[in-house]
Amino acid sequence: MTTDRYNAREAEPRWQKIWDEQQTFAAKNDDPRPKYYVLEMFPYPSGKLHVGHVRNYTIGDVVARYKRARGFNVLHPMGWDAFGLPAENAAMERKIHPKGWTFANIETMKSQLKLMGLSLDWAREIATCDPSYYKHQQRLFLDFLKVGLAEREKRKLNWDPVDMTVLANEQVIDGRGWRSGAVVEQREMNQWVFKITKYAQELLDALDTLDRWPDKVRLMQRNWIGRSEGLQIRFALDPSTTPNGETELTIFTTRHDTLFGAKFMAIAPDHPLAQAAALKNPKLAEFIAETKRHGTAQEIVDTQEKLGFDTGIEAVHPFDATWKLPVYVANFILMEYGTGAIFGCPAHDQRDLDFVNKYGLGNTPVVCPEGQDPATFVITDTAYDGDGRMINSRFLDGMTIETAKEDVAKRLESETRGNAPVAERQVNFRLRDWGISRQRYWGCPIPIIHCPKCDVVPVPDKDLPVALPEDVTFDKPGNALDHHPTWKHVTCPQCGGKALRETDTMDTFVDSSWYFARYTDPWITTAPTDRAVVDHWLPVDQYIGGVEHAVLHLLYSRFFMRAMKATGHVDVEEPFAGMFTQGMVVHETYRKADGTYAEPSEVTIDTSGNDRRAVLTATDEPITIGPNEKMSKSKRNTVGLDEIAGTAGADTARWFMLSDSPPERDVIWTEEGAQGAYRFVQRLWRLVGDAAKCAAPQNAPRPAQFGDAATTLRKAAHRALARVTDDIERLRFNVCVANIYEFANAFGTSLGSIDQEPTDDYRFAVREAAEILVRLFHPMMPHLAEECWAMLGHQDLVSQAAWPQIEPDLLVEDSITLPVQVNGRKRADVTVARDAGTTEIETAVLALDAVKRALDGKAPRKIIVVPQRIVNVVG
Ligand code: ANZ
Ligand code: ZN
C-alpha cells in the first residue's frame, strides 16, 4: 500500500501551468472535427467567485472535457458581463472609477477561475465594457434601426423631482427615490426600444422545437410571451353620460362567453376616456393621481387592493339595449394591455369579484360546473374559473364555454354599427417591446446624435465606437454622461450644425444577448461576427446557467439571433440548442446568541452526540444551527473558493459539487461532505498508484485468454464505462459519481485479493481498468487525473486522451436473478447462470431457505420455470 498523500496544493497549479503553456484548451475555428459549443452564463465581475459559480462552471467543464475526449472540437470560452450599476455604486461610495473597479475584479476572479482547473479557451475572453466589444454592439443597434427593429417610443419613466433624474424601478422604494426620498413621478420620455413583439408568435412557436430545454423554462417563456385569443367588443356608451359625448368604449376579453354575467365596466387610469372625465371631475382626477403614485407595474397592480371610481358614464350591454353597466376607473386595469378597458364578470374572475364585493355590485354566475345544480350554485368569495355549462345566459344556456364563445363571437362579428363590426377576434400578447434606454454611465452608449434640424441621426460607422469618456465624476445624482462638460456636444454628421449626443446607455441585457456569438470570432474588427465562423459554431450545443435567467436573458438572446439574422450577421434563429438550469448551493446558517450570524469558517461542529452542535471556535460560545439557505452575504453562510482550493484543492470542490444531489436540484454544502470528497481523492490516488505497480507495461500485447480474476475486473471496468458515459450524456452527474465509487471499490477489492505473483492477463486487465478509471473521473477531477495518468507512465495529457472504447461483450451479464413465488406469493430471488437449464434452476430454488420454509419442509407438487422471467413453486 502506498502511504504517501496526494498533495493537491502542489499538483493543481503545476497542471494548470502545463495546460496554459500548451494551450491545451484552445479551439481552432478551422478544425475539421465536428464542433461542440458548451457555455456557462458568463459572470458579473463582482470581485468574488462563490461556490455557486463553482457548481455552474464545473458542470460545463465536465461536459467540455467529456466532449473533447469524444473527439469533438470543443469551444468553451469565458468572459465578463462587465457593465452595470454595482460599478457605479462602488465609484460613488469609494471614489474609484467604474472601469478600474471592474477590471480589478476581473483580474481577481480570473485567477480564481484558473484555480478551478477549467478547460477554458482564454484566448477568446471578452469583457462587455471593452470598446472592442461594444463597438460592434453599437453597430448592431444601428443595423436594427435600419430595418425597424429598433425604434424610439414614448415610455413612462420614474422621475425623481429632487435629484432631477430618471430612476430604475429598483431605485424606487415605496414610491420614493432611494437617495432623495422624494415622491417619484411618472414622466413620459422618448426611449429606445427593440421590437421584440414583432417576433412574439415566432418566439412562442419555436419553443416547441427546443426539446433539450427544461419544460419549466419553456413554460415560463410561454407565460411571459402570454398569447391569448379573444374578442375586441365595441360597447355603446350613453352619450348623455360621457364627458364629451363619446359614444363607445372598446374592450378586450378572452371570456366573451360570460357576457351575461357582466356587472360593470372598468378602464385604466390613463385611458383617454378616464383622462377626459377627470378634466370635468376633480375627485376623479385626484383618484387617478393617487393610483399613479403606487406605480402601474404589473407586480404592483397584482398585489394591491382593488380600488375603483364610478365615473357616472354608462355603457350598453351588446345583447340588450335596456341593460346599462356603470363605467369605473380601476387601479387594476393596465393601459398597456388589450385596449385598457374591460367588462367585469365577478362570478368568474377573482379580481372582478373582489371589486364588486367592495362596491356592492353583486354577481350572477353564468357557468355552472358539471354535476352542480344551477338553482343552488352561488358564488361568494371565490370566483369560479373552471369548465361547465352556461346558465343565466338566455340563448347561450346549456352550451359549453367554447361553443358559447363561438356563438357570441359570430353574432357580434356579423352585427355592425357605423359600418364597422361590433366585435373582432383578436390575438393579444403580454410581451412588450424591450425598452433598452438606461440613464446610466456604465453601459454601452447608444450611438445616436440628436440634431435640432435633422432630428435623430445615427453615428456614422466610421465614428464607432462611441466610447465612454473616462474623466467623469459621480458627485451629482443622475447620469454622469449627462453631466460631462464636453462629451455630448458634437457636430451633426448630416448638416454640420451643433448637436447633442444621446447620453442614455443600453440595458446590460443587451450586452449578454449576443456575447456567445462574439466568442466564435472575438478578433474580427470589421464586423460583429464572421459569418462563416459564427454559422459554423452556433447554436451553442449546451448552455448552462441559473433558472433566474430563464425568462429575460434567454428570451432576449432568442430575439437577438432573429434580429441578427434579419440584418445579416448570423444564420441561426435559436442560440441555445440545449439548456440546463442548475440548482443553487445552500449552506446551513449559524447564529450567535446576540442574533448576528457567524461564518462557517468561524464555527466548530461537534457531531459526537445525537444532535449536531456548534460552537464559535474562538470563544466556545454556543451557536444555533439554522436551516440550509442560499449562500448570501447577509446570512454570512458563504464558502469562498479560496478556502476550498487552498486546502483540499479544486478537485475536491468539483467532485463534491457534483456528487451530492442531481445537478438541477439544490446542493447542500457541508464540511463533512467536502471531507468525504477529499478522502476519495486520496483513495483514488492510492488505488491508481497500487495499480501502476502491477499493471502490464504500456503497449503490452493483449493476452489470448483471460482468467477469472482478469475477466471480473474487466467486466467491472467496462460496466462502469458504459454507465458513466450514459450518465454524462444525460447530465446525471451524481449518478455518475456513484458509479465511479462503485467501480473504485470493485477495483480495490480485486487488487487486494491477489495473493501471488499476478499473471500477464491480470496485469493487462489492471492497466486497462486503471486507464479506464482515470479517464472516467478526468472530467470531474482533471488535476488528479493528470497526476494518475502520469503515474501510469503516460507522457501525454489525459486532457487530450480519447474516451475509452467499450467492449460490448463484457457488458453481457452471465448470471441472472429471477423472482421466486411459492403458491403465488413472492418469497425469494434466485441467482443462476444465464444459460442454466430447468433442472439446475429447480435445484437452486429448492435449496433456498425461504422456499423451504414456505413449503413447510414438504416437497413441492410442481415447479414452473418461465425462462428468463420467474419461477413458480406450487406446494
Ligand atoms: C371578461 C372576463 C370574464 C375576463 C371572466 C376574464 C374572466 P389574458 O388571458 O391574460 O389575456 N383584461 C383585459 N384587458 C385588461 C387590462 N388592460 N388590464 C387588466 N385586465 C385586462 O386576460 C384577458 C382577460 O383579462 C380579459 O378577459 C379581461 O377580463 C382582462 F370571467 O373579460 B376578461
Ligand atoms: Zn443636423
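**Focus: the layout of surface pockets**
Approximately 650 Å³ is the volume attributed to the second largest pocket. Lining the second largest pocket are 26 residues, and of these Phe252, Thr254, Ile342, Asp349 and Arg351 sit closest to its centre. Listing elements by their share of the lining of the second largest pocket, those giving two or more residues are β11 (248–253), α10 (298–303), β15 (341–344) and α11 (350–359). Class assignment of the residues belonging to the lining of the second largest pocket gives a composition of ten nonpolar, nine polar and seven charged.

**Examining the packing of aromatic side chains**
Inspection of every chain in the model, using the stated rule, returns 49 aromatic pairs. On the numbers, 5.5 Å between centres and 70 degrees between planes, the contact of phenylalanine 144 with phenylalanine 194 is edge-to-face. Of this pair, phenylalanine 144 sits in helix α5 (residues 131–146) while phenylalanine 194 sits in strand β9 (residues 185–194), and the two are 50 residues apart along the sequence. The pair phenylalanine 144 / phenylalanine 194 is uniform in exposure class, with both members buried. Of the aromatic side chains, those joined through ring pairs into one cluster are Phe141, Phe144, Trp192, Phe194, Tyr199, Trp434, Phe509, Tyr556, Phe559 and Phe560.

**Side note on the nonpolar core**
Ranked by internal contacts, the top residues of the largest apolar core, which has 176 residues, are Trp669 and Phe747. Each residue touching tryptophan 669, except ones within four places of it in the same chain, is listed here: Val51, Val585, Val586, His587, Met631, Val639, Ile644, Ala653, Phe656, Met657 and Ala674. Ile251, Phe260, Leu273 and Ile288 belong to the second-largest nonpolar core, a separate cluster that totals 39 residues.

**Observations concerning empty space enclosed by the protein**
This model, assessed by the stated rule, comprises three cavities of 30 Å³ or more. Considered as a void within the structure, the largest cavity measures approximately 180 Å³ in volume. Forming the boundary of the largest cavity are 20 residues, of which Met92, Trp178, Arg440, Pro477 and Gly478 lie nearest the centre. Within the residue set of the lining of the largest cavity, elements represented by two or more residues are α3 (85–94), β6 (165–167) and α13 (480–483).

**Let's talk about the coordination of the zinc ion (ligand 2)**
The protein atoms that coordinate the zinc ion (ligand 2) are Cys451 (SG), Cys454 (SG), Cys492 (SG) and Cys495 (SG), at distances of 2.1 to 2.4 Å. Geometry at the zinc ion (ligand 2) is tetrahedral, judged from the four donor atoms that bind it and their angles of 106 to 114 degrees at the metal. Ordering the donors of the zinc ion (ligand 2) by residue number gives the pattern C-x2-C-x37-C-x2-C.

**Some details on the site of ligand 1**
Close to ligand 1 lie 18 residues, the nearest being Ser228, Thr253, Leu334, Tyr337 and Arg430. Threonine 253 has a polar side-chain atom sitting 2.7 Å from an oxygen atom of ligand 1. Between an oxygen atom of ligand 1 and a side-chain N or O atom of arginine 430, the distance comes to 2.7 Å. Relative to its free-state accessible area of 650 Å², ligand 1 is covered by the protein chains to the extent of 88%. For ligand 1, the cavity whose grid points lie within 2 Å of the majority of its atoms is the second largest pocket. Mapped onto the shell around ligand 1, the elements with two or more residues apiece are β11 and β15.

**A few points about the sheet that holds strand β26 (residues 498–501)**
Through backbone hydrogen bonds, the strands of a sheet pair up, either in parallel or in antiparallel fashion. Pairing in this open sheet of four strands is antiparallel, and the strands run β24-β23-β26-β25 from one edge to the other. Lying at the two open borders of the sheet, with one neighbouring strand each, are β24 (455–458) and β25 (489–491). The sheet shows a mean angle of 40 degrees between the axes of neighbouring strands, taken without regard to direction. The sheet contact formed by strand β23 (residues 448–451) and β26 spans two bridges and is antiparallel. In the strand pairing of β26, isoleucine 449 is matched with arginine 501.

**Quick notes on the side chain of histidine 136**
Along the chain, histidine 136 turns up in helix α5. There is a polar contact of 3.4 Å between the side chain of histidine 136 and the backbone oxygen of alanine 527. Contacts of histidine 136, omitting those with residues within four sequence positions, involve Trp514, Arg518, Ile524, Thr525, Thr526, Ala527 and Pro528.

**Notes on the pairing of β24**
Put simply, side chains in a regular strand alternate between the two faces of the sheet. Bridge count between β23 and β24: four bridges; the pairing is antiparallel. Opposite histidine 450, over in β24, you have valine 456 as the bridge partner. Two successive antiparallel strands, β23 and β24, enclose a turn made up of three residues.

**Some words on the packing of helix α23 (residues 760–777) against helix α24 (residues 782–791)**
Each pair of packed helices can be summarised by the angle the axes make with each other and by the distance between the axes. Contact geometry of α23 with α24 gives a least axis separation of 8 Å together with a crossing angle of 160 degrees. It follows that α23 is roughly antiparallel to α24 by the angle criterion. Judged by the sense of rotation from one axis to the other, the crossing of α23 with α24 is left-handed. Along the contact surface, α23 presents Glu771, Val774, Arg775 and Phe777, while α24 presents Leu784, Ala785, Cys788 and Trp789. Class assignment of the residues belonging to the contact of α23 with α24 gives a composition of six nonpolar, no polar and two charged.

**A look at helix α21 (residues 708–729)**
Its 22 residues give α21 an end-to-end C-alpha distance of 32 Å, which sits within 8% of 32 Å, the value for a rise of 1.5 Å per residue. A positive phi of about 55 degrees marks leucine 731, the residue just after α21.

**Topic: the packing of α3 against helix α4 (residues 98–115)**
Where α3 meets α4, the closest approach of the two axes is 8 Å, and the angle between their N-to-C directions is 115 degrees. Relative to α4, α3 is oriented roughly perpendicular. Here α3 and α4 pass one another in a crossing that is right-handed. Here Pro86, Ala87, Glu88, Ala90, Ala91 and Arg94 of α3 come into contact with α4, specifically with Pro98, Trp101 and Thr102. Class assignment of the residues belonging to the contact of α3 with α4 gives a composition of six nonpolar, one polar and two charged.

**Here's the deal with the state of the cysteines**
This model, assessed by the stated rule, comprises zero disulfides. In this structure cysteine 694 is a free cysteine whose sulfur lies 15 Å from that of cysteine 788, the closest cysteine sulfur available. Of the residues examined, cysteine 694 reaches a relative accessible area of 11% and is grouped as buried.

Rules used in this analysis
Residues numbered from 1 in each chain as written. Chains lettered and ligands numbered in written order. Predicted model: local features only at pLDDT ≥ 70, side-chain atom pairs only at ≥ 80, totals over all residues. Heavy atoms only, no water. 1 Å grid on protein atoms, 1.4 Å probe; cavity = no way out; pocket = protein on both sides within 12 Å on 5 of 7 lines; lining within 4 Å. Points joined across faces, edges and corners; volume = space filled by probe spheres on them. Helix = DSSP H or I, 4+ residues; strand = E, 2+ residues; numbered from the N terminus. Nonpolar A, V, L, I, M, F, W, Y, C, P; charged D, E, K, R; others polar. Phe/Tyr/Trp six-rings, centres within 6.5 Å; stacked < 30°, edge-to-face > 60°. Buried < 20%, exposed > 50% of the residue type's maximum accessible area, 1.4 Å probe, protein only. Core = buried A, V, L, I, M, F, W, Y, C linked by side-chain atoms within 4.5 Å. Contact = heavy atoms within 4.5 Å. Donors = N, O, S within 2.8 Å, 3.2 Å for Na, K, Ca; no water. Tetrahedral: all angles 85-135°; square planar, octahedral: opposite > 155°, others 65-115°. Near = heavy atom within 4 Å. Polar contact = N/O pair within 3.5 Å; in protein donor to acceptor, adjacent residues only side chain to side chain. Areas by Shrake-Rupley, 256 points an atom, 1.4 Å probe, with all protein chains shown as cover. Sits in = over half its atoms within 2 Å of the grid points. Pairing = 2+ DSSP bridges. Axes fitted to C-alpha atoms, helices over the stretch in contact; angles between N-to-C directions. Parallel < 35°, antiparallel > 145°, perpendicular 65-115°, else oblique. Left-handed = near helix turned anticlockwise from the far one by under 90°. Expected span 1.5 Å × (residues − 1). Disulfide = S-S within 2.5 Å.

Function cannot be inferred from these measures alone, as they are strictly geometric.
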